[in-house]
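# A look at the structure
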Amino acid sequence: MSSHISESISLLKKNWPVDPILENFMLGNRTDVVDHSIKVKQVIFHIPYLAEEKKYILWKCFWPDCHNCCERQGRLPLTVDDLITIGKGLKYKKTSDFIKNETVTASWIESGPSGNNVLLTSINLKRKQNETESDDGTHIRCRFLDEKGSCTMHPNRPGVCYLYPFSTWLENENGKPRVHSTYQFTGDCPGFYLSDSLDPMKEVLTDYSKSIYEYNMQYTRTTREGYSQTSFV
């Protein structure tokens, strides 16, 4: 994984300045990282705090100058809502035909919140027309990104696109689902920076909390209806 991140950071440096402290962190070379959690509405955000520098790692988007998140996609899992909305946008009358022609099913393993490995299987939007399961997790430029760097599907792009640079998961806490979220550190995004406090990002967290919560509810329904699977391995 670190080799992929190193490659991404090298590419990022060609167009954006990268803080050496953040680079060192993303490469996994820091042992002083503290998980600072903050609840915003219905989502618990986990923000890294570097104890040595006494700094939080925060984020902001440089759109429209940057579209790295679309240039080097790893996968695009779809919810039931996505299947319907995107299928209609691509002029499919039947969702089954959209799934057959425009998606690929893939499985991958992620580290779960409690340290367990989680096997995930989902229907993913093809980032290129001839994408296969073997391409899953590799960096591919999304085919719906035009030459100017704009998304041709917006605002009906996959729900997961609205989450970037966050990843998200559900935990069972006393019988109730609790939504958690943290950053994806892939080395592709120039938006991370260091700050003495969380104040500069409170508005961003508030805005994202709604999208993240809604996405988790949609993805839970997607799993319940058999379009995706999650199991501990």
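The notes below deal with the structure included here. Fair warning: this is a prediction, and the values are worked out from it, not measured in the lab. Throughout this document, residue positions are counted from 1 along each chain, in the order its sequence is written. Where totals are concerned, whole chains, interfaces and linings use all residues; where local detail is concerned, this predicted model gives features only for residues with pLDDT of at least 70, and gives and counts side-chain atom pairs only at 80 or more. The basis for every side-chain value is the complete set of non-hydrogen atoms in the structure, without hydrogens or water.

## A few points about helix 1 (residues 2–12)
Since the α-helix turns once every 3.6 residues, residues separated by three or four places project in the same direction. Within the span of helix 1, buried status applies to Ile5, Ser8, Ile9 and Leu12. Relative to the axis of helix 1, the buried residues are bounded by an arc of 100° and lie together on one face. Pairs of residues are marked as contacts when any of their non-hydrogen atoms sit within 4.5 Å. Secondary structure elements follow DSSP: runs of H or I of four or more residues count as helices, runs of E of two or more count as strands, with numbering from the N terminus. Packed against the buried residues of helix 1 are helix 2 (20–26) and helix 3 (68–71). Three labels apply to residues, based on accessible area from a 1.4 Å probe with only protein chains included: buried if under 20% of the type maximum, exposed if over 50%, partly exposed otherwise in between. The arc in question is the one spanned by the directions pointing from the helix axis to the C-beta atoms.

## Here's the deal with unusual backbone geometry
With omega at 5°, the peptide bond leading from His154 into Pro155 counts as cis. Within the secondary structure, Pro155 sits in the loop between strand 5 (117–125) and strand 6 (166–173). Looking along the chain, the bond that leaves Tyr164 and enters Pro165 is cis, with omega of 10°. Of note, Pro165 is situated in the loop between strand 5 and strand 6. For Lys41, which is not glycine, the phi dihedral falls at a positive 55°. Note that Lys41 resides in the loop between strand 1 (33–40) and strand 2 (43–50).

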